[in-house]
Amino acid sequence: MKFSKEDLSSNGSPLSKEEFINRIKTDDEFAKKWGSLGKIYGHQWRNWNDNIDQIQNLINDLKTNPDSRRLMVNAWNVAELDQMVLPPCHYGFQVYTRELSLEERNYVYKKQWEWGASELSHDRFDSLNIPKRAISLIWNQRSVDTFLGLPFNIASYALLLEMIAKEVNMIPDELIGNLGDVHLYKNHIQQAKEQITREPMDLPKVLINNGDVDNNGVPFTKSILDGYDITDFELVDYQSHPTIKAPLSN
């Protein structure tokens, strides 16, 4: 999506940044026209070239060929970059899996106190649908706003890894960022200094609800492909320090 300041005008004068933000917030028709980022991340993941669902293909491959070296999703669609307000910063990700050992599956089950060591077996864990594999995710990013952007990138890909793992009955393993042009803006330096003086808090637990009922009260299992909404995610025992505000830089 390409447009000039003249396209975003009021009484013949270009809108300021503050005016644009206010119009997005208060004018539904304006927001519908100018509030979209265009064919960026979600569109490319689920509707590449308007007909390829990369997430669906990834899930299918994980279930049928989890040792594949082609478990990739790409957002850098060269033919449609001009239909995006900003080319993707994090432009692709890859997942890979490995088999869990008997000891790791036992740890996942967390009921080792019920069985003796001689009773542990993969067949028994299979019968209980205990995950057989761990799954890791590496994302590639061409440009990184360290203070404002990177925390959201880490959190969002961590949650994506959790969601994919849940969908294919695997255990989330490693999360890796391959980051290029990592920068800290000058007007973020004091905020970053404040942040690194803070003591980390205990991490919360992430709960994903993948069960629901339809309009007739019939239970069904939700899927990453079409069933989740924001209310299905819960952070348990979440703690945080006060907000540190910083301006968005370009």
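Structure first, text after, so check above.
Heads up: these notes are all about the structure in this document. Only a predicted model underlies this, so the values are computations on that prediction, with no experimental measurement involved. Here, residues in each chain are numbered from 1, in the same order as that chain's written sequence. Residue-level local features of this predicted model are given only where pLDDT is at least 70; pairs of side-chain atoms are given and counted only at 80 or more, and the full residue set underlies all totals for whole chains, interfaces and linings. Note that water and hydrogens are dropped before the side-chain values are worked out from all heavy atoms of the structure.

1. Quick word on the overall build of the protein
In terms of helices and strands, the protein carries 8 helices and 12 strands. Dimensions along the principal axes, computed over C-alpha positions, put the protein at roughly 80 × 50 × 40 Å. Each residue gets one of three labels from its accessible area relative to the maximum for its type: buried under 20%, exposed over 50%, partly exposed in between, using a 1.4 Å probe on protein chains only. Of all 250 residues assigned to the protein, the portion counted as buried reaches 30%. Note on contacts: a residue pair qualifies if any of its non-hydrogen atoms lie within 4.5 Å across the two residues. Contacts spanning at least 24 positions in sequence make up 68% of the contacts within the protein whose residues lie at least 6 apart. Looking at the protein as shown, the accessible area adds up to about 16500 Å², and 52% of this sits on carbon and sulfur atoms. Taken together, the 27 basic and 36 acidic charged side chains of the protein have centroids lying 3 Å from each other. Each helix is a run of DSSP H or I of at least 4 residues and each strand a run of E of at least 2, with the numbering of both proceeding from the N terminus. To measure how exposed things are, a 1.4 Å probe is used in the Shrake-Rupley method; for residues, cover is taken only from the protein chains shown. The charge count includes Lys and Arg as positive and Asp and Glu as negative, but it does not include His or the ends of the chains. A single reference atom marks each charge: NZ on Lys, CZ on Arg, CG on Asp, CD on Glu.

2. Concerning helix H4 (residues 54-64)
The α-helix advances 3.6 residues per turn, and as a result positions three or four apart in sequence lie on the same side. Where H4 is concerned, the buried positions are Gln54, Ile55, Leu58, Ile59 and Leu62. Viewed along the axis of H4, the buried residues span an arc of 140°, placing them on a single side of the element. Facing away from the buried side of H4, by more than 90 degrees, are the exposed residues Lys63 and Thr64. Residues of H4 that are buried sit in contact with helix H3 (41-47), strand S3 (72-74), strand S4 (90-99), strand S5 (133-141) and helix H7 (150-168). In this context, the arc is that of the directions from the helix axis out to the C-beta atoms.

3. Details of the packing of aromatic side chains
What counts as a ring pair is set by centres within 6.5 Å for rings of Phe, Tyr and Trp (its six-membered ring), and what kind of pair is set by the plane angle: stacked under 30 degrees, edge-to-face over 60, tilted for all other angles. Enumeration according to the criterion identifies 8 aromatic pairs in this entry. Seen from their ring centres, Phe93 and Tyr157 are 5.9 Å apart, and the 65° between their planes marks the pair as edge-to-face. Here Phe93, found in strand S4, pairs with Tyr157, found in helix H7; they are 64 residues apart in sequence, far enough to count as distant. Pair check on accessibility: Phe93 and Tyr157 agree, each one buried.

4. Quick look at a nonpolar patch on the surface
Surface patches are drawn from residues lacking salt bridges whose relative accessible area is over 30%; two like charges belong together within 9 Å, two nonpolar side chains (Val, Leu, Ile, Met, Phe, Trp, Tyr) within 5 Å. The salt bridge criterion pairs a side-chain nitrogen of Lys or Arg with a carboxyl oxygen of Asp or Glu, the two atoms within 4 Å. Together, Leu37, Val85 and Leu86 make up an exposed nonpolar region whose accessible area comes to about 250 Å². Inspection of the secondary structure puts Leu86 in the loop between S3 and S4.

5. A few points about the layout of surface pockets
Roughly 2200 Å³ of internal volume is contained in the largest pocket. Points on a 1 Å grid, built from protein atoms alone, make a cavity when a 1.4 Å probe fits but cannot get out and make a pocket when they are open with protein on both sides within 12 Å along at least 5 of 7 lines; residues with an atom within 4 Å of a point are the lining residues. Ala155, Leu203, Pro204, Val206 and Leu235 are the residues nearest the centre of the largest pocket, which is lined by 45 residues in total. Broken down by secondary-structure element, the contributors of at least two residues to the lining of the largest pocket are helix H5 (102-109), H7, strand S7 (171-179), strand S9 (205-208) and strand S12 (233-236). For the lining of the largest pocket, the element with the most residues is H7, which contributes 11 residues. Nonpolar residues are Ala, Val, Leu, Ile, Met, Phe, Trp, Tyr, Cys and Pro. Charged residues are Asp, Glu, Lys and Arg, and all others, Gly as well, are polar. Among the residues forming the lining of the largest pocket, the class breakdown is 30 nonpolar, 7 polar and 8 charged. Grid points are joined across faces, edges and corners, and a volume is the space filled by probe spheres set on the points.

6. With respect to the environment of Leu58
Examined against the element boundaries, Leu58 turns out to sit in helix H4. The exposure class of Leu58 is buried, given its relative accessible area of 2%. A sequence separation of 12 residues divides Leu58 from Arg70, and the C-alpha atoms of the two residues are 8.9 Å apart. Residues within four places of Leu58 in sequence aside, it is in contact with Leu71, Met72, Val73, Phe93, Val95 and Ile164.

7. A look at the packing of H4 against H7
When two helices pack together, you describe them by how their axes are tilted relative to each other and by the distance separating the axes. In this analysis, axes come from line fits to C-alpha atoms, helices being fitted only over the stretch in contact, and the angle between any two N-to-C directions falls in the range 0 to 180 degrees. H7 packs onto H4 with a crossing angle of 50° between their chain directions and a minimal axis gap of 10 Å. The angle between the axes of H4 and H7 places the two elements in the oblique class. Between H4 and H7 lies a crossing whose hand is right-handed. Along its contact with H4, which presents Leu58, Ile59, Leu62 and Lys63, the element H7 presents Ile164, Glu167 and Val168. Here the contact of H4 with H7 is composed, by residue class, of 5 nonpolar, no polar and 2 charged. The cut-offs work like this: below 35 degrees is roughly parallel, past 145 is roughly antiparallel, 65 to 115 is roughly perpendicular, and the gaps in between are oblique. Rotating anticlockwise by less than a right angle from the far helix to the near helix defines a left-handed crossing, while the corresponding clockwise rotation defines a right-handed one.

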